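Residue-level listing of the chains:
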Amino acid sequence: MKKLLFGALTLGLMAACTNDSMTNQNETQANEQALLTESTQKRECASEEIRQEALLNNPELRQKYNELETNTEKFSQNIKLGKVLTDGTVEIPVVVNILYSNAAENLSDARIAEQIDVLNADYSGTNTDISKVPTEFQSVKAGDVKVKFRLANTVRKSTTTTSWVKDTMKKSANGGIDATSPANYLNIWIVGKVVSSTGKTILGYATFPESAGLWNDGVVIPAPYFGKTGAAANFNLGRTATHEVGHYLNLRHIWGDAKCGDDLVADTPTQTSENYNTPSYPLYNRCSGKNRSVMFMNYMDYVNDAAMFMFSAGQKARMQSVVAASGARAGLRVY
Ligand code: ARG
Ligand code: ZN
Ligand code: CA
């Protein structure tokens, strides 16, 4: 491809040279009409001529040129294939890796489809409960995050392991499933159960964008908290995936994982700590001498699935920067 591009370049330069010598001949004829024609011609393509000479003399520039054209071609292809929509929407291809130790954990295709639908609703702000956003937060809600999800593949594997620690489920050598091209696909592992080092049951966890493309990159969610129909009470609206994919796209917990911590998002009010269950609105927290109404209905808090229903505009900006062409997860656009 690169050779082809450079070949075309060389041809182009030869064509330009041919034009130049013809122009010189015209100049020697020196009648007024010819001069007029010539001056019109000279206004035409100086940029391209100068560029071609620079490219011939500068291999670094040539490489940049080739990369530029390769990227441009990829982008056009992605638009054509509907991968990057013209409004800037990025469609993330998802691979679901299921490790089941009984039939109930071997989630149906319908259950997976349900979860993908929840992600698409929550990330486009078309979830039915978006109407519950309190008036005071309506001006900062994200609207359409412009990230979509499409199921690319489901990998199923029977196992005798019923409870997993850390990233063991991500290696076939441990009886797990290896990620599918993690730079290009969001891998989600479904297992029976995940326990922390202190023995606590975990709803899910994700890698952040600095892990893009590594063997362990992706999201882990135990079967009871994935999808809706048949999922475990209080976590059966598919919001664990919404929350984990938020981390995957660089969102921190809304309380900044510290007392009155910072989530690096300006429009989410500083709050003292995480919230559980279904808090009643309004809820005020005091941080550095200031009382603020807490946005506990944000997907990045710890409340029940039914109590969380919004991202903020500031969170949207962080996520978009990650999937942008220059972002850490730009690889998700190319497949
Ligand atoms: N505890 C998990 C985490 O911090 C997930 C919390 C999800 N909450 C929910 N209501 N589904 O990543
Ligand atoms: Zn979290
Ligand atoms: Ca904040």
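This write-up is about the structure you can find in this document. Note that the structure is predicted; figures quoted are calculated from it, not measured.

Rules and cut-offs
As a convention, each chain's residues are numbered from 1 in the sequence order in which they are written. Chains carry letters from A onward and ligands carry numbers from 1 onward, assigned in written order. The model is predicted, so local features are restricted to residues of pLDDT at least 70 and side-chain atom pairs to those at 80 or more, both for listing and for counting; the totals for chains, interfaces and linings are taken over all residues. Where side-chain values are given, they derive from all heavy atoms of the structure, hydrogens and water being excluded. By the criteria applied, helices consist of DSSP H or I runs no shorter than four residues and strands consist of E runs no shorter than two, each listed in order from the N terminus. Whether a residue is buried, partly exposed or exposed follows from its accessible area with a 1.4 Å probe, protein chains only, as a fraction of its type maximum: under 20%, in between, or over 50%, in that order. Note on definitions: a residue-residue contact is assigned when non-hydrogen atoms from the two residues lie within 4.5 Å. The protein chains shown are the only cover counted for residues, whose accessible areas, like all others here, come from Shrake-Rupley with a 1.4 Å probe. Note that water is not among the atoms used; donors are N, O and S atoms within 2.8 Å of the metal (3.2 Å for Na, K and Ca), so sites may look incomplete. Between any two strands, at least two bridges found by DSSP are needed for them to pair. Put simply, a residue is near a molecule or strand once any heavy atom of it comes within 4 Å of that molecule or strand. N or O atoms within 3.5 Å of each other form a polar contact, as long as, within protein, one can give a hydrogen and the other can take it, and as long as residues adjacent in sequence are counted only when both atoms are side-chain atoms. Polar here means any residue other than Ala, Val, Leu, Ile, Met, Phe, Trp, Tyr, Cys and Pro, which are nonpolar, and Asp, Glu, Lys and Arg, which are charged; Gly is therefore polar. Helix axes use the C-alpha atoms of the stretch in contact, all axes being lines fitted to C-alpha atoms, and the angles between their N-to-C directions lie in the range 0 to 180 degrees. Buried Ala, Val, Leu, Ile, Met, Phe, Trp, Tyr and Cys residues that are joined via side-chain atoms within 4.5 Å together make up what is termed a nonpolar core. Roughly parallel means an angle under 35 degrees; roughly antiparallel means over 145; roughly perpendicular covers 65 to 115; every other angle is labelled oblique. For any helix crossing, the convention is left-handed if the near helix is rotated counterclockwise from the far helix by under a right angle, and right-handed if that rotation is clockwise.

Section: the overall build of the chain
Here is step 1 of the chain: Each helix and strand in the chain was counted, giving 8 helices and 7 strands.
Here is step 2 of the chain: When the 335 residues of the chain are sorted by exposure, 42% land in the buried category.
Here is step 3 of the chain: Restricting the contact set of the chain to residue pairs at least 6 apart, pairs at least 24 apart contribute 67%.
Here is step 4 of the chain: On the chain, roughly 17000 Å² of surface is accessible, and the fraction owed to carbon and sulfur atoms is 54%.

Thoughts on the coordination of the zinc ion (ligand 2)
Reference geometry at the metal: tetrahedral coordination by four donors gives ideal angles of 109.5 degrees; octahedral coordination by six donors gives 90 or 180 degrees.
Here is step 1 of the chain: The protein atoms that coordinate the zinc ion (ligand 2) are His243 (NE2), His247 (NE2) and His253 (NE2), at distances spanning 2.0 to 2.1 Å.
Here is step 2 of the chain: Spacing between the donor residues of the zinc ion (ligand 2) along their common chain follows H-x3-H-x5-H. Across the pair, exposure class does not vary: His247 and His253 are buried alike.

A few points about the coordination of the calcium ion (ligand 3)
Here is step 1 of the chain: Protein-derived coordination of the calcium ion (ligand 3) comes from Asp263 (OD), Val265 (O), Thr268 (O) and Thr268 (OG1), at a distance range of 2.3 to 2.5 Å.
Here is step 2 of the chain: Binding-site remark: the calcium ion (ligand 3) is held by donors from one chain whose sequence spacing is D-x1-V-x2-T.
Here is step 3 of the chain: Residue class for Asp263 comes out buried when judged on its relative accessible area of 3%.

With respect to the pairing of strand S7 (residues 290-293)
Within a regular beta strand, the side chains point alternately toward one face of the sheet and then the other, so they alternate between its two faces.
Here is step 1 of the chain: Relative to S7, strand S6 (residues 284-287) runs antiparallel, the two being bridged by 4 bridges. Bridging from a neighbouring strand, Arg286 pairs with Asn291 of S7.
Here is step 2 of the chain: Between S6 and S7, which pair antiparallel one after the other, the connecting turn spans 2 residues, and Ser288 there sits at a positive phi close to 40 degrees.

Considerations on the site of ligand 1
Here is step 1 of the chain: As a matter of local geometry, ligand 1 sits amid 14 residues, with Thr240, Glu244, Tyr302, Val303 and Asp305 nearest to it.
Here is step 2 of the chain: Interatomic distance of 3.4 Å between a backbone N/O atom of Gly204 and an oxygen atom of ligand 1.
Here is step 3 of the chain: Considered on its own, ligand 1 offers 360 Å² of accessible surface; in the complex 92% of this is hidden by protein.
Here is step 4 of the chain: Residues that form the shell around ligand 1 fall into these classes: 5 nonpolar, 6 polar and 3 charged.

Structural notes on the sheet that holds strand S4 (residues 205-206)
Adjacent strands of a sheet pair through backbone hydrogen bonds, lying either parallel or antiparallel.
Here is step 1 of the chain: Strand order across the open sheet formed by 5 strands is S2-S1-S3-S5-S4, with mixed pairing between neighbours. The open sheet terminates on both sides in strands that have one partner only, identified here as strand S2 (147-158) and S4.
Here is step 2 of the chain: Strands in contact with helix H5 (residues 109-124) are strand S1 (90-100) and S2; relative to S2, the strand with the most contacts, it is inclined by about 155 degrees.

Considering the nonpolar core
Here is step 1 of the chain: The biggest cluster of nonpolar side chains holds 50 residues, and the ones touching the most others in it are Tyr123, Phe149, Leu186, Leu249 and Phe311.
Here is step 2 of the chain: Those elements that provide at least two residues to this core are S1, H5, S2, strand S3 (186-191), strand S5 (219-222), helix H7 (239-248) and helix H8 (313-323).
Here is step 3 of the chain: The leading source of residues in this core is S1, at 5 residues.
Here is step 4 of the chain: Leave out the neighbours within four places in its chain, and Leu186 touches Ile92, Pro93, Val94, Val95, Phe149, Val219, Val245, Tyr248 and Leu332.
Here is step 5 of the chain: Membership of the second largest hydrophobic core comes to 8 residues, among which are Trp164, Ile177, Trp189 and Val191.

Topic: the packing of H5 against H7
For any two helices packed against each other, the geometry is given by the interaxial angle and the distance between the axes.
Here is step 1 of the chain: The N-to-C vectors of H5 and H7 enclose an angle of 60 degrees; their axes lie 9 Å apart at closest approach. Classed by the angle they form, the pair H5 and H7 counts as oblique. Viewed along their axes, H5 and H7 form a crossing whose handedness is right-handed. Across from Gln115, Val118, Leu119, Asp122 and Tyr123 in H5, the residues of H7 making contact are Arg239, Ala241, Thr242, Val245 and Gly246.
Here is step 2 of the chain: Looking at side-chain class alone, the contact of H5 with H7 contains 5 nonpolar, 3 polar and 2 charged residues.

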